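Survey of secondary and tertiary structure
Residues per chain are reported as follows:
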Amino acid sequence: MSDLWNLLSAPEFYAMVLQLATPLVFAALAAVVSNKAGVLNIGIEGTMVLAALAAALFSTWSGSAFVGVVCGVGAGLLMGGFFALCAVRFRTNHILVGIAINLLSAGLAVFIVYAITGNKSDYPGIAMTPWDVPLFKEIPFVGDVLFRQVNPLVFVAVLCVFMIRFLFRRTVLGVRILAVGKNPVAAASVGIHTRRIKTVALLIAGGLAGLGGAYLSLGYMSNFNTGMVAGRGFIGIAAEAIGGGHPVATALFALVFGAVNAFSLAAQTFTSITVPYELLNTLPYLTTAAGLVVYSLIRYRQSTHHSSKRRISHEKSVGD
Amino acid sequence: MTVPILRMQGICKSFGPGIIAADDVTFSVNRGEIHALAGENGAGKTTLMKILYGLEKAQRGEIFLHDRRITINSPKDAMSHGIGMVHQHFMLVDELTVAENVVLGIEPRRAGLFDRKAAEHLVRSLSERYDMPVEPTARAADLNVATKQKVEILKVLARNAELIILDEPTAVLTPQETKRFFEQLKTLRDLGKTIVIITHKLPEIKAICDRITILRKGRTIGTYFVSDISESEISRKMIGTEPPPERFPQADSAGLPRLSVRHIWCFGPHGKAALKDMSFDLRGGEMLGVIGVEGNGQRELVGVLTGKIVPDHGNVILNEGILPSSLSSIRKEGVSFIPEDRMNDGVDLDASIEENVTALLRQNRDHLVGPFFKSRKLSVSGRRLTEGFDVRMGSLRDSIRHLSGGNMQKVVCAREIDACGTVLIADQPTRGVDVGSLRTIHDQMEALRAAGKGILLISSDLQEIRALCRRAIILHQGTIAAEIDDLSACSEEELGLYMLGIKRQEPVSPEVAHE
C-alpha cells in the first residue's frame, strides 16, 4: 500500500500522466473530427507512426525540433489526404482504407529506417526543449505537474481540445461537418459539397494525428522506434467513443487512459508486491476494452430511453 | 394571375433503354397559384421535378423562368433561381437544431463565425410571417412529422424561393394536420409564392389546387383548371381507363376467430407501455382495419403478431393454438405478412424479380427435387404470380431494384397473398403506390377475404381502410381507443377525434371485456 501511496502523492506521477495522455488526446481529437464527418478513421494509428518517423527524420536533418514537428504534421496531412483520396474520392470502404494505411505505415517505417540507418527499428530525433512557466511553476505540487519541464506540445494538446470544441460550436465549417457526417443526403440537398467537407475533416484529423506522432518521437522520447505508437491511435478512437464525440469529455477519457498507462509503468517499480511487467503492460488495453463495454452499456440504455422519450414527445405534440 | 413564372418544354429523360421517365413533357406554372402535378407512380412527375431542381439532368428540353431560358445543373442553381423543393423523405439533420437545419448551406456569419443568433432570428421572423410556428432551438430529432415538414418549408423560404415544389406532402399527415397544412399553403400563395404539389390524391387536388397538370407514362396529358374538371375525369386521365366504381365493403362473411389477441401488454425498455391491455379478434372472412396516427402501437402490434416482439403479458391465439415465437413457424401456420418497409423487409434488392416473388414457394415440396430447386417450375409460378398482379417489368430475371415502388409492392403482395393459408397481416400494403397498383392490390386482398381468410390491414390511409374494411379498431397510445363495427356509419371527423385521443369509446366490445 505504501508503494501506491508514494506513487499517488508524487508530482512526478501526475507529470507522467500528462505526458502519456498527450498523444492519446491528439489521437482522440483526430477520431472526433473524423467521426463527426461520418468516417470511422482507424488509420489514425498508422498516420501517427509515419508522423513520428517524419518528425524524427526531419528534426535530425534540419537540427531543429520545431521543423521536425512541422514535418510530422505535414506527414499527418499527407496521410489524411491519402485517406480522403481513397475513401472520399474513390469511395473505398473506410475500414479497408484504414487497415491499408496501418499496414503500409508499419512496413514503410521499417523500410525507411532500414534504408537510412541499416538497423530496422530506431532512428534518433531531436527532442523539443521542455518549457518552464515562470511564476506558475512555483505553485506547490500543481506547479511541478503542470508548469515545470513541460513539453510545449502538451499545451498545444490542451489548446487543440478547445479549438475543436470551438470548431463544432461556432464555425460554419463545424456545422457543415456535422451535417455531412450525420445526413450526407440532406447536406448535399442544400448544395453543400459533401466530399470537400469530408476531405477537409480528414485533413484536420490527419494533422492532429501528426501532432500526436511528432510528440511521441520528439517529446515523450527523443528518438523514433517502429513499435512506439503501440495502439495509441486505437485507444484514441476508444476515448472518442466513450466521450461521445464531445471534445472535452473525449480528452478527459484520454487522460484516464494516460493515467492507467502511467500507473502500469510505475507499478513495475513497486517492491511490496510484484506483478509481472508483461501483465502490467496489458493494463491500458484492458482498461480500454472495459471502458468500451461500460460505455456501450450506458449508451444502449440511453438510446432506448431516448427513443421512448421521443415517442412520448411525439404523442404529446399530436395530442395538442 | 396568368403570367407563367415557369415553363418546361420538350423535356425528355430516359433511364437506360426502355425506361422512359419523360417523353417530350411540357409543363407551365403561373405566378401565385397552387398547381397540382398528378399522375400514377412512374408517370414521371417526381423525375420532372427533380430535373427542375437540378437533381436529374434532362437529355433534351428547355426551362424558361420569367420567359428567360435558364440551365439548372444542381440544386444550388435551382435555389439561386428561386426554386425550392421539399422532398418526400425529409432532408433534416436530426442532430442539429431547427435553426441550424434551416440555414444549412447558407449560414449567416459574423466575423467569419457561424452566427447562431441571426439564424434563430431568421427562423422566428419567417415562421411569424408565414404563420408556421416552430421553435428554432429545438433539435430536429425531437420534432413530430408535421413540424419537420414546416422546417423543410422554412428551409426553402429562407433561400428566398419563389417557386416551391412539394413532393407528396400529405402522405405522412393526419386529416387534421393536412387541413392545417393546407391553410398554411394558402397563406403562402396569398403572400405571392407559387406552389407545385406532386400528388395522386384526388380529394386534395380538389381541395386546394388552382390548376392541375396530368402526366401519364412520361407524357403530358393536359393542364386544366381544377374547377373545370371532376375527380373521375382526373382519375380517368391519370390511369387512362374508367376509374373503378366506388367500393363499398361487403358485409363480412365473418367466420370463426382466426387470430385472437388477449390482454397484450408490451413495455418499452424504460417501462413505458407501448401496448396496454390490447384485445381483439380477427375472424375468417373479414378484413379488420387498424387505424391510428403512426407511433401509437402499430409497430409493436405487428411485432407481436410476427414474432419479433414477445409480449410482456397476455397471449395471442392463432388457429386455436398459442402463437409460435418465430416468424418462420408463424408462417407455417398459414400466416402471411406484408411488411411496412418493402425496401428493407419486403424484398431482397439484390435478387431478381423471380427470386423475390417465389421466395416462399422455394420451401414448398413441389418446387424441390431433393436439395435442388425445380427452376422451370419456379419460372412458371413466378410468371403466374407476376401476371396475376399485373407487375409491369422487362423480364422475370431482372433485378427487382429497378422496379417502381408500386410494382415492387405488387411483387411482395403477390408472394404473400398467394402463400396465405389463414391470416394475412398487411402493414401499409399500399403506401406510396400509384392508383393502378393500388387497385390491383385491393382487388386481390378483397378476393382473399372473400375466400374466407382473415386480413388485418394496418394503414395510415383512412380512405384505404374505409374502402376495404367494415370493422376497424383505432389505436391511441397503445390502447384501442375505439372499435368501430360499421365504418360507413362513422364520419371521418369522428375517426380523427379517436385517433388523436380526444374521444374514447368507453365500453370495449363486451365479448372481449368478459374474457
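This structure is a prediction, so every number in the text was calculated from the model and none was measured.

Now for the overall build of chain A. Scanning chain A for helices and strands turns up 14 helices and 2 strands. The C-alpha radius of gyration computed for chain A amounts to 21 Å, which stays within 12% of the reference 20 Å derived for 320 residues, consistent with globular compactness. Taken over 320 residues, chain A has a buried fraction of 48%. Taking the contacts inside chain A whose residues are at least 6 apart along the sequence as the reference set, 74% of them involve residues at least 24 apart. Of the roughly 14800 Å² of accessible surface on chain A, a fraction of 70% belongs to carbon and sulfur atoms. One finds the centroid of the 21 positive side-chain charges in chain A at a distance of 19 Å from the centroid of its 11 negative side-chain charges.

Here we take up the overall build of chain B. Within chain B, the secondary structure is distributed over 18 helices and 24 strands. The C-alpha extent of chain B, read off along each of the three principal axes, is 70 × 55 × 50 Å. A buried classification covers 53% of the 515 residues belonging to chain B. Within chain B, counting contacts between residues at least 6 apart in sequence, those at least 24 apart form 67% of the total. Total accessible area computed for chain B in this model is approximately 22200 Å², and 50% of it derives from carbon and sulfur atoms. Mean positive and mean negative side-chain charge positions of chain B (66 and 69 charges, respectively) differ by 4 Å.

Another point: the sheet that holds strand S2 (residues 20–30) of chain B. Residues and elements named next belong to chain B. Across the sheet, 4 strands lie side by side as S2-S1-S4-S5; this open sheet has antiparallel pairing. The sheet terminates laterally at S2 and strand S5 (68–70), the two strands that pair on one side only. Averaged over all pairs of adjacent strands, the angle between strand axes in this sheet comes to 20 degrees, irrespective of strand direction. Alignment of strand S4 (residues 60–65) against S5, held across 3 bridges, turns out to be antiparallel. Bridged to Leu 65 within S5 is Arg 68. Packed onto the sheet, helix H1 (residues 45–52) meets strand S1 (4–14), S2 and S4 and runs at close to 115 degrees relative to S1.

Turning our eyes to something else, we now look at the state of the cysteines. Evaluated as defined, the whole model comprises 0 disulfides over all chains. Distance from the sulfur of Cys 413 of chain B, which forms no disulfide, to the nearest cysteine sulfur (Cys 420 of chain B) is 12 Å.

All names here are of chain B. Of all 5 residues in strand S3 (residues 34–38), 5 are buried; the element is thus mostly enclosed. Across 5 bridges, S3 lies against strand S10 (residues 194–199) in parallel orientation. Note on S10: the bridge partner recorded for Ala 36 is Ile 197. Bridge count between S3 and strand S11 (residues 211–216): 4 bridges; the pairing is parallel. Its bridge partner lying in S11, Leu 37 is registered against Thr 213.

The subject of this paragraph is the nonpolar core. Ranked by internal contacts, the top residues of the largest apolar core, which has 118 residues, are Phe 224 of chain A together with Leu 157, Leu 166, Leu 185, Leu 188, Ile 205 and Ile 212 of chain B. Broken down by element, the residue count for this core peaks at 11 residues, all from helix H2 (residues 11–36) of chain A. If we skip the residues at most four places from it in the chain, Leu 185 of chain B touches Ile 34, Leu 166, Ile 195, Ile 197 and Ile 208 of chain B. One finds Val 293, Val 411, Ala 426 and Ala 472 of chain B within the second-largest nonpolar core, a separate group that totals 42 residues.

Moving on to the side chain of Lys 148 of chain B. Locating Lys 148 of chain B in the fold gives a position in helix H5 (residues 145–158). Buried charge Lys 148 of chain B goes without a salt bridge, the closest partner of opposite sign being Asp 94 of chain B at 4.1 Å.

All names here are of chain A. Contact geometry for helix H7 (residues 152–170) and helix H10 (residues 194–220): axes closest at 11 Å, N-to-C directions at 165 degrees. With respect to H10, the axis of H7 lies roughly antiparallel. In the packing of H7 onto H10, the handedness of the crossing is left-handed. Listed contacts from H10 to Leu 153, Val 154, Val 156, Cys 160, Ile 164 and Leu 167 of H7 are Ile 204, Leu 208, Leu 211, Ala 214 and Tyr 215.

Residue and element names in this part refer to chain B. One open sheet holds the 6 strands; their spatial order is S18-S21-S22-S15-S23-S24, and the pairing between them is mixed. Edge positions in the open sheet fall to strand S18 (335–338) and strand S24 (479–484), since each of these has one partner strand only. Strand-to-strand twist of the sheet, defined as the mean angle between neighbouring strand axes without regard to direction, takes the value 15 degrees. Sheet topology note: the strand S21 (residues 423–427)/strand S22 (residues 454–458) ladder contains 5 bridges and is parallel. Within S22, the position partnered with Asp 427 by the bridge is Ile 458. Together, strand S15 (287–291), S18, S21, S22 and strand S23 (471–476) form the strand contacts of helix H9 (residues 298–305), whose direction differs from that of S22 by roughly 150 degrees. Against the sheet, helix H15 (residues 435–450) engages S15, S21 and S22, with an angle of about 145 degrees to S22.

Looking now at the packing of aromatic side chains. Counting across every chain of the model gives 8 aromatic pairs over all chains. Centroid distance Phe 13 of chain A to Tyr 14 of chain A: 5.3 Å. Interplanar angle 80 degrees. Geometry classified as edge-to-face. The interplanar angle of 20 degrees and the centroid separation of 5.9 Å between the aromatic rings of Trp 265 of chain B and Phe 267 of chain B together place this pair among those described as stacked. Exposure remark for Trp 265 of chain B: the relative accessible area of 29% places this residue in the partly exposed category. For Phe 267 of chain B, a relative accessible area of 36% corresponds to the partly exposed category. Ring pairs connect the aromatic residues Phe 13, Tyr 14 and Phe 141 of chain A, which therefore count as one cluster. Directly above the ring of Phe 225 of chain B sits Arg 211 of chain B, whose terminal nitrogen or CZ lies 6.0 Å from the centroid.

Phi at Leu 135 of chain A is positive, roughly 65 degrees, even though this residue is not glycine. With respect to the helices and strands, the residue Leu 135 of chain A is situated in the loop between strand S1 (122–124) and helix H6 (142–146). Its identity is not glycine, yet Asp 131 of chain B carries a phi of approximately 55 degrees, on the positive side.

This part covers the packing of helix H11 (residues 232–242) of chain A against helix H12 (residues 247–266) of chain A. All names here are of chain A. The N-to-C vectors of H11 and H12 enclose an angle of 135 degrees; their axes lie 8 Å apart at closest approach. Taken together, H11 and H12 sit at an angle that is classed as oblique. Crossing handedness for the pair H11 and H12: right-handed. Listed contacts from H12 to Arg 232, Ile 235, Ala 239, Glu 240 and Ile 242 of H11 are Thr 250, Phe 253, Ala 254, Phe 257 and Asn 261. Classifying every residue of the contact of H11 with H12 by side-chain character gives 6 nonpolar, 2 polar and 2 charged.

A few words on the environment of Val 102 of chain B. Residues and elements named next belong to chain B. Tracing the backbone through its elements, the reader meets Val 102 in helix H3 (residues 98–103). As for Val 102 and Arg 159, which are separated by 57 residues in sequence, their C-alpha atoms are 9.0 Å apart. Not counting residues within four places of it along the chain, the set of residues in contact with Val 102 comprises Val 123, Val 151, Leu 154, Lys 155, Ala 158 and Arg 159.

Once that is clear, we can look at the pairing of strand S9 (residues 163–167) of chain B. Residues and elements named next belong to chain B. Counting buried residues in S9 gives 5 out of 5 residues, a clear majority hidden from the surface. The two faces of S9 match: Leu 163, Ile 165 and Asp 167 on one face and Ile 164 and Leu 166 on the other face are all buried. Note: S9 against S10, 5 bridges, orientation parallel. Opposite Asp 167, over in S10, you have Ile 198 as the bridge partner. Note that the unit made of S9, helix H6 (residues 175–190) and S10 has a crossover that is right-handed.

Turning to empty space enclosed by the protein, a few remarks are in order. Applying the stated criterion across every chain, the model contains 6 cavities of 30 Å³ or more. Along the walls of the largest cavity sit Ser 189 and Val 190 of chain A together with Tyr 53, Met 79, Met 85, His 87, Met 91, Glu 152, Lys 155, Val 156 and Arg 159 of chain B, which together make up its complete lining. With 3 residues, the single largest contributor to the lining of the largest cavity is H5 of chain B. Of the residues contributing to the lining of the largest cavity, the split by class is 6 nonpolar, 2 polar and 3 charged.

Rules used in this analysis
- Residue positions within a chain follow its written sequence, with the count starting from 1.
- Naming scheme: in the order in which they are written, chains are lettered from A and ligands are numbered from 1.
- Local features are withheld for residues below a pLDDT of 70 in this predicted model, meaning they are given only at 70 or higher, and side-chain atom pairs are given and counted only at 80 or more; totals for whole chains, interfaces and linings count all residues.
- Side-chain calculation: all heavy atoms of the structure are included, whereas hydrogens and water are not.
- Think of it this way: any DSSP run of H or I at least four residues long counts as a helix, any run of E at least two long counts as a strand, and we number them from the N terminus.
- Here the globule rule is a power law, 2.2 Å times the number of residues to the power 0.38, and the radius of gyration is based on C-alpha atoms.
- Whether a residue is buried, partly exposed or exposed follows from its accessible area with a 1.4 Å probe, protein chains only, as a fraction of its type maximum: under 20%, in between, or over 50%, in that order.
- Only heavy atoms matter for contacts: two residues are in contact if any of them lie within 4.5 Å across the pair.
- Under the convention used here, a 1.4 Å probe and the Shrake-Rupley method define accessible areas, while residue burial counts only the protein chains that appear.
- Positive: Lys, Arg. Negative: Asp, Glu. His and the chain ends are not part of the count.
- Throughout, a charge is located at the NZ atom of Lys, the CZ atom of Arg, the CG atom of Asp or the CD atom of Glu.
- Here a strand pair is declared whenever DSSP counts at least two bridges between the two strands.
- A fitted line through C-alpha atoms serves as each axis, taken over the contacting stretch for helices, and the angle formed by two N-to-C directions is quoted from 0 to 180°.
- In what follows, a disulfide is any cysteine sulfur pair within 2.5 Å.
- Put simply, a nonpolar core is a bunch of buried Ala, Val, Leu, Ile, Met, Phe, Trp, Tyr and Cys residues held in one set by side-chain atoms that sit within 4.5 Å of each other.
- Salt bridge, as applied in this entry: a Lys or Arg side-chain nitrogen positioned within 4 Å of an Asp or Glu carboxyl oxygen.
- Each angle is binned into one of four classes, with values under 35 degrees roughly parallel, values over 145 roughly antiparallel, values of 65 to 115 roughly perpendicular, and all other values oblique.
- Helix crossings fall into two classes, left-handed where the near helix is turned counterclockwise from the far one by less than a right angle and right-handed where it is turned clockwise.
- Centres within 6.5 Å are what make two rings of Phe, Tyr or Trp a pair, Trp counting through its six-membered ring; a difference in plane orientation under 30 degrees is then read as stacked, over 60 as edge-to-face, and the rest as tilted.
- Two limits define a charge over a ring: the Lys NZ or Arg CZ must be within 6 Å of the ring centre, and within 35 degrees of the ring normal.
- All amino acids are sorted into three groups, where Ala, Val, Leu, Ile, Met, Phe, Trp, Tyr, Cys and Pro are nonpolar, Asp, Glu, Lys and Arg are charged, and the leftover types, Gly among them, are polar.
- Think of it like this: strands point away, you trace from the first strand over the helix to the second, and a clockwise trace means the crossover is right-handed.
- Only protein atoms enter the 1 Å grid used here, on which a cavity is any set of points holding a 1.4 Å probe that cannot leave and a pocket is any open set flanked by protein within 12 Å on both sides along at least five of seven lines; residues with an atom within 4 Å of a point are listed as lining.
- Grid points are joined across faces, edges and corners, and a volume is the space filled by probe spheres set on the points.

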